[in-house]
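Take a look at the letters that make up each chain.
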Amino acid sequence: MMLNRTITALLLASFFLAILVFFNHVIVASVLTLITILAFNEWLTITKINSASKKILLFMFVLLMTLLAYFSNYILIKYINIIYLAFWLFVSLDIIFGSHFTKLILQKSPIVVAFFVILASWYLLLSFDSSGSTLASETQGLLFLNDSIGGNLNYYFILLFLLVSLADISGYIIGKKFGTTPLCPTISPNKTAEGFLSSLILPIIIFYFLLSFFFNFPILMLDFLFIFICCIYCTIGDLFISLLKRINDVKDAGSVLPGHGGILDRIDSYLPVIPIFQFWLFL
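Residue numbers restart at each chain and count upward from 1, following the sequence in its written direction. Restriction of local features to residues with pLDDT of at least 70 applies here, the model being predicted, together with a cutoff of 80 or more for giving and counting side-chain atom pairs; totals for whole chains, interfaces and linings are based on all residues. Remark: hydrogens and water are excluded; side-chain values derive from all non-hydrogen atoms of the structure.

Asks: I keep staring at the overall build of the protein chain and nothing clicks. Help me out?
Replies: Looking only at helices and strands, the protein chain has eleven helices and two strands in total. Helix and strand assignments come from DSSP, with helices taken as H or I runs of at least 4 residues and strands as E runs of at least 2, each series counted from the N terminus. When the helices and strands of the protein chain are listed from N to C terminus, the series reads α-α-α-α-α-α-α-β-β-α-α-α-α. Looking at the protein chain as a whole, 49% of its 283 residues are labelled buried. Any two residues having at least one pair of non-hydrogen atoms within 4.5 Å are treated as being in contact. Pairs at least 24 apart in sequence give 75% of the contacts found in the protein chain among residues at least 6 apart. To sort residues, take the accessible area from a 1.4 Å probe on protein chains only and compare it with the maximum for the residue type: under 20% means buried, over 50% means exposed, and anything in between is partly exposed.

Spelled out as structure tokens, the structure:
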């Protein structure tokens, strides 16, 4: 299990880094869009939607993607980001206090939640701007519709990828080797407090040395705060999808990634981090 997970993680990391480094934003956006559709399909499979309904829902999902891409603008991005941040704040507080409302929502309206969570994550991810500050104009398009995007944007995706990967890997390895205290046994019995703490501390240390000594990039205290918050929400995203699977008595979202399960299992940590990252660097 550990060997399969390690090999898959290395292959995935190599694949994404190669795309982000060597390909333009249109290819990057296309790959991210395909991954998003596959993740939505896995969510539908988890909730045991029949084949006919699944096809209709997938068509509706792609249609909404198209409409969002066509009508994208700065104001829409800003308000979706605020609403999505509020959603994850609610989920995190609810998980701390027992997950009752989140569980109820996932039981009663799993498809509505799927549309909102997966679609909002995709939309905000593809609305990242290359300037590192405010989006350039009210007509700013999504990643594959914006010809004005510069070459630096892919480095922001690499930053996001490294941050989430470091949090996930730190939590998994330390939790597996040294974890003894259950973090949230009713949702994910294998997660430990020791793994969670390492997923907060190690990424901050690694990012500090990486940016300060290798890239000579100044890090502000506010940056440390956002990195810390992103690492916390990596675990929140993981627990959220774990709760969805537990409600539907499913172990893995899929089987396409040996040692990791499905696409949704692999991107769960990104779901709440994307709006935080968007707010931190671009809004």
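That covers the picture; the talk isn't over yet.
Asks: How do you make sense of the pattern of salt bridges when you look at a structure like this?
Replies: Any carboxyl oxygen of Asp or Glu within 4 Å of a side-chain nitrogen of Lys or Arg constitutes a salt bridge here. With the rule as written, the count across this model stands at three salt bridges. As a salt-bridge pair, R266 and D168 come within 3.6 Å of each other at their nearest N and O atoms. Of this pair, R266 sits in helix α10 (residues 263–267) while D168 sits in helix α7 (residues 153–178), and the two are 98 residues apart along the sequence. A relative accessible area of 18% means that D168 is categorised as buried.

Asks: It is not clear to me how the packing of helix α4 (residues 74–96) against helix α6 (residues 110–125) should be interpreted in this structure. Could you clarify?
Replies: Helix packing for two helices is described by the angle between their axes and how far apart those axes are. Between α4 and α6, the least distance of the axes is 10 Å, while the angle of their chain directions is 130°. Overall, the two elements α4 and α6 adopt an arrangement that is oblique. Judged by the sense of rotation from one axis to the other, the crossing of α4 with α6 is left-handed. Between α4, through L76, I77, I80, N81, I83, Y84, F87 and W88, and α6, the contact on the second element is made entirely by V113, F116, V117, A120, S121, Y123 and L124. Just so you know the grouping, Ala, Val, Leu, Ile, Met, Phe, Trp, Tyr, Cys and Pro go in nonpolar, Asp, Glu, Lys and Arg go in charged, and all remaining residues, Gly too, go in polar. Grouping the constituent residues of the contact of α4 with α6 by class yields 13 nonpolar, two polar and no charged. Axis geometry follows a simple rule: fit a line to the C-alpha atoms, using only the stretch in contact for helices, then measure angles between N-to-C directions, giving values from 0 to 180 degrees. Put simply, angles under 35 degrees are roughly parallel, angles over 145 are roughly antiparallel, angles from 65 to 115 are roughly perpendicular, and the rest are oblique. Two helices cross in a left-handed way if the nearer one is turned anticlockwise from the farther one by less than a right angle. They cross in a right-handed way if the turn is clockwise.

Asks: Help me understand the nonpolar core in this model?
Replies: Note on soluble globular proteins: their nonpolar side chains tend to be buried together. Counting residues in each nonpolar core, the largest one holds 79 residues, and the members touching the most others are W43, W88, L160, F240 and L264. Counting residues per element, this core draws most heavily on helix α9 (residues 221–247), at 13 residues. Grouping buried Ala, Val, Leu, Ile, Met, Phe, Trp, Tyr and Cys residues that are joined through side-chain atoms within 4.5 Å yields what is termed a nonpolar core.

Asks: Honestly, the state of the cysteines in this entry has me stumped. Any pointers?
Replies: Each disulfide consists of one covalent bond between the sulfur atoms belonging to two cysteines. The term disulfide is used for any two cysteine sulfur atoms that are within 2.5 Å. Under the criterion given, the structure shown has zero disulfides. With no disulfide of its own, C230 lies 6.9 Å from the sulfur of C231, the closest cysteine sulfur. You can see C234 has no disulfide; the closest cysteine sulfur is in C231, sitting 5.7 Å from it. Judged by its relative accessible area of 1%, C234 falls in the buried class.

Asks: Sorry if this is basic, but what is going on with helix α3 (residues 51–70) here?
Replies: Between the first and last C-alpha of α3 there are 29 Å, a value that for 20 residues agrees with the 28 Å anticipated at 1.5 Å per step. Restricting attention to buried positions, one finds in α3 the residues K54, L57, F61, M65, L68 and A69. Take α3 and look down its axis: the buried residues cluster within an arc of 110°, on one side only. Facing away from the buried surface of α3 by more than 90 degrees, the exposed residues are A52, K55, I56, F59 and Y70. The inward-facing, buried residues of α3 contact α2 (25–46), α4 and α6. One side-chain oxygen at the N-terminal end of α3 lies 3.3 Å from the backbone nitrogen of A52; it belongs to N50. Each residue after the first adds 1.5 Å to the expected span of a helix. Starting at the helix axis, one direction is taken to each C-beta atom, and the arc is that of these directions. Think of a polar contact as two N or O atoms within 3.5 Å of one another; within protein, one of them needs to be a possible hydrogen donor and the other a possible acceptor, and neighboring residues in sequence only count if both atoms come from side chains.

Asks: Help me understand the packing of aromatic side chains in this model?
Replies: By convention here, two paired aromatic rings are described through the distance between centres and the angle between planes. The pairing test for Phe, Tyr and Trp rings, Trp by its six-membered ring, is centres within 6.5 Å, and the orientation test on the planes gives stacked under 30 degrees, edge-to-face over 60, and tilted for anything in between. By the definition in use, this model includes 18 aromatic pairs. Ring geometry for F40 versus F115: centroids 4.9 Å apart, planes at 65°, classification edge-to-face. Of this pair, F40 sits in helix α2 while F115 is found in helix α6, placing the two residues 75 residues apart along the sequence. Relative to W280, the ring of F226 has its centre 5.7 Å away and its plane inclined at 10°; by these criteria the two rings are stacked.

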